[in-house]
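Listed here are the chains, written in short residue letters.
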Amino acid sequence: MDRSGLIEATLRKAADGGSGIGQEDVGRVIDALFGTVEHAGSIAEAVKADETVTLLGFGDFHAEGGSAVLRPGKALTEFLQDATR
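The present account deals with the structure reproduced in this document. What you see is a predicted model; the values in this text were computed from it and never measured. (Residues numbered from 1 in each chain as written. Predicted model: local features only at pLDDT ≥ 70, side-chain atom pairs only at ≥ 80, totals over all residues. Heavy atoms only, no water.)

## Re the overall build of the chain
Part 1 of the argument: Along the chain, the regular secondary structure elements total four helices and three strands.
Part 2 of the argument: Along the chain direction, N to C, the helices and strands of the chain fall in the order α-α-α-β-β-β-α.
Part 3 of the argument: Along the first, second and third principal axes, the C-alpha atoms of the chain reach 40 × 40 × 20 Å.
Part 4 of the argument: Evaluated residue by residue, the chain yields a buried proportion of 20% over its 85 residues.
Part 5 of the argument: Long-range contacts, defined here as pairs at least 24 residues apart, represent 5% of the contacts in the chain between residues at least 6 apart.
Part 6 of the argument: Accessible area for the chain stands at about 6400 Å²; split by element, carbon and sulfur atoms hold 56% of it. (Helix = DSSP H or I, 4+ residues; strand = E, 2+ residues; numbered from the N terminus. Buried < 20%, exposed > 50% of the residue type's maximum accessible area, 1.4 Å probe, protein only. Contact = heavy atoms within 4.5 Å. Areas by Shrake-Rupley, 256 points an atom, 1.4 Å probe, with all protein chains shown as cover.)

## Comments concerning the pairing of strand S3 (residues 67-72)
Part 1 of the argument: Note: strand S2 (residues 59-64) against S3, six bridges, orientation antiparallel. From the neighbouring strand, Gly-59 faces S3, where its bridge partner is Pro-72.
Part 2 of the argument: Hairpin connection between S2 and S3: a loop of two residues separates the two successive antiparallel strands, and Gly-65 in this loop has a positive phi of roughly 60°. (Pairing = 2+ DSSP bridges.)

## Examining the environment of Thr-52
Part 1 of the argument: Position of Thr-52 relative to the elements: it lies in the loop between helix H3 (42-48) and strand S1 (53-55).
Part 2 of the argument: Between the alpha carbons of Thr-52 and Arg-12 there is a distance of 29 Å; along the sequence they are 40 residues apart.
Part 3 of the argument: In contact with Thr-52, not counting residues within four places along its chain, are Asp-60, Phe-61 and His-62.

## Re a nonpolar patch on the surface
Part 1 of the argument: Taken together, the side chains of Met-1, Leu-6, Val-29, Leu-33 and Phe-34 define a hydrophobic patch exposed on the protein surface, amounting to about 500 Å² of accessible area.
Part 2 of the argument: Looking at which element gives the most residues to the nonpolar patch, the answer is helix H2 (residues 23-34), with three residues.
Part 3 of the argument: With respect to the element layout, Phe-34 can be found in helix H2. (Patch = residues over 30% accessible without salt bridge, like charges linked within 9 Å, V, L, I, M, F, W, Y side chains within 5 Å. Salt bridge = Lys/Arg side-chain N within 4 Å of Asp/Glu carboxyl O.)

## Considerations on the pattern of salt bridges
Part 1 of the argument: Tallied over the entire structure, the rule returns five salt bridges.
Part 2 of the argument: One salt-bridge network, in which partners are shared between bridges, spans Glu-24, Asp-25 and Arg-28.

## Section: H2
Part 1 of the argument: In this model, H2 (12 residues) spans 16 Å end to end at C-alpha, consistent with the 16 Å of a helix rising 1.5 Å per residue.
Part 2 of the argument: When H2 is considered as a whole, its buried residues turn out to be Val-26, Gly-27 and Ile-30. Taken around the axis of H2, the buried residues stretch over an arc of 100°, which confines them to a single face. Facing away from the buried side of H2 by over 90 degrees, the exposed positions are Glu-24 and Arg-28.
Part 3 of the argument: On its buried face, H2 sits against helix H1 (3-16).
Part 4 of the argument: Gly-35 sits one or two residues past H2 and shows a positive phi near 90°. (Expected span 1.5 Å × (residues − 1). Arc of directions from axis to C-beta.)

Encoded structure:
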């Protein structure tokens, strides 16, 4: 899934809850979190500052040996195991 696919999927999920947010709003939030080629997002900035970013259920991002690492959370792991059985 690329950026535009992520935006569309997120917009559909948000619309299920009756949200009135638009595609541009979702794009700005995704860019702010994950960053772009030109600007680092808040997750990258925190990991570079040697912080761990924890997204409850999804997992956490941290630096390990100069590389970014995602350690999946319990909810993500369980979802993937159910989806692949």
